[in-house]
Amino acid sequence: MQIDKLRGKELDQLFKAILSLKDVEECYRFFDDLTTVNEIQSLAQRLEVARMLREGSTYHKIEDETGASTATISRVKRCLNYGNDAYEMVLDRIYQNKR
């Protein structure tokens, strides 16, 4: 994993903080304090790109609907194809929770 290079006390603290959040409202509050608007929009955009790629959307449609660059779309696609299956994991969980 690429993130292994960053592994340590500070990153552990961040992940534990995220895992401690109890609901979506707490997430809004925490990420509002933690990130800039652009940072949180980029994260949300990548997850939406992953969802759309998984559903078979074209790069053109994804660009039009999300505003993501082809570089971002390609990176997300590479993660879907060769990554740690984390996008699949969370999208599956979100989908299961909506039933």
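Calculation criteria
- Residues numbered from 1 in each chain as written.
- Predicted model: local features only at pLDDT ≥ 70, side-chain atom pairs only at ≥ 80, totals over all residues.
- Heavy atoms only, no water.
- Buried < 20%, exposed > 50% of the residue type's maximum accessible area, 1.4 Å probe, protein only.
- Helix = DSSP H or I, 4+ residues; strand = E, 2+ residues; numbered from the N terminus.
- Polar contact = N/O pair within 3.5 Å; in protein donor to acceptor, adjacent residues only side chain to side chain.
- Patch = residues over 30% accessible without salt bridge, like charges linked within 9 Å, V, L, I, M, F, W, Y side chains within 5 Å.
- Areas by Shrake-Rupley, 256 points an atom, 1.4 Å probe, with all protein chains shown as cover.
- Salt bridge = Lys/Arg side-chain N within 4 Å of Asp/Glu carboxyl O.
- Phe/Tyr/Trp six-rings, centres within 6.5 Å; stacked < 30°, edge-to-face > 60°.

Participant: When you look at helix H2 (residues 24-34) in this model, what are you seeing that I'm missing?
Facilitator: In an α-helix, one turn spans 3.6 residues; hence positions three or four apart end up facing the same way. Counting buried positions along H2 gives one out of 11 residues, so the element sits mostly on the surface. Of the residues flanking the start of H2, the one acting as N-cap is Asp 23, its side-chain oxygen 3.2 Å from the backbone nitrogen of Glu 25.

Participant: I would appreciate a short explanation of a nonpolar patch on the surface in the present structure.
Facilitator: Taken together, the side chains of Met 1, Ile 3, Leu 6, Phe 15 and Ile 18 define a hydrophobic patch exposed on the protein surface, amounting to about 460 Å² of accessible area. Tracing the backbone through its elements, the reader meets Phe 15 in helix H1 (residues 9-20).

Participant: In this structure, what is going on with the packing of aromatic side chains? I would like to understand it.
Facilitator: Where two aromatic rings form a pair, the distance of their centres and the angle of their planes describe that pair. Evaluation of the coordinates by the stated rule reveals one aromatic pair. Considering the side-chain rings of Phe 30 and Phe 31, the 5.5 Å spacing of their centres and the 80 degrees angle between planes classify their relative orientation as edge-to-face. In this structure Phe 30 comes out as partly exposed when scored by relative accessible area, which is 24%. With a relative accessible area of 18%, Phe 31 lands in the buried category.

These figures come from the coordinates and say nothing about function on their own.
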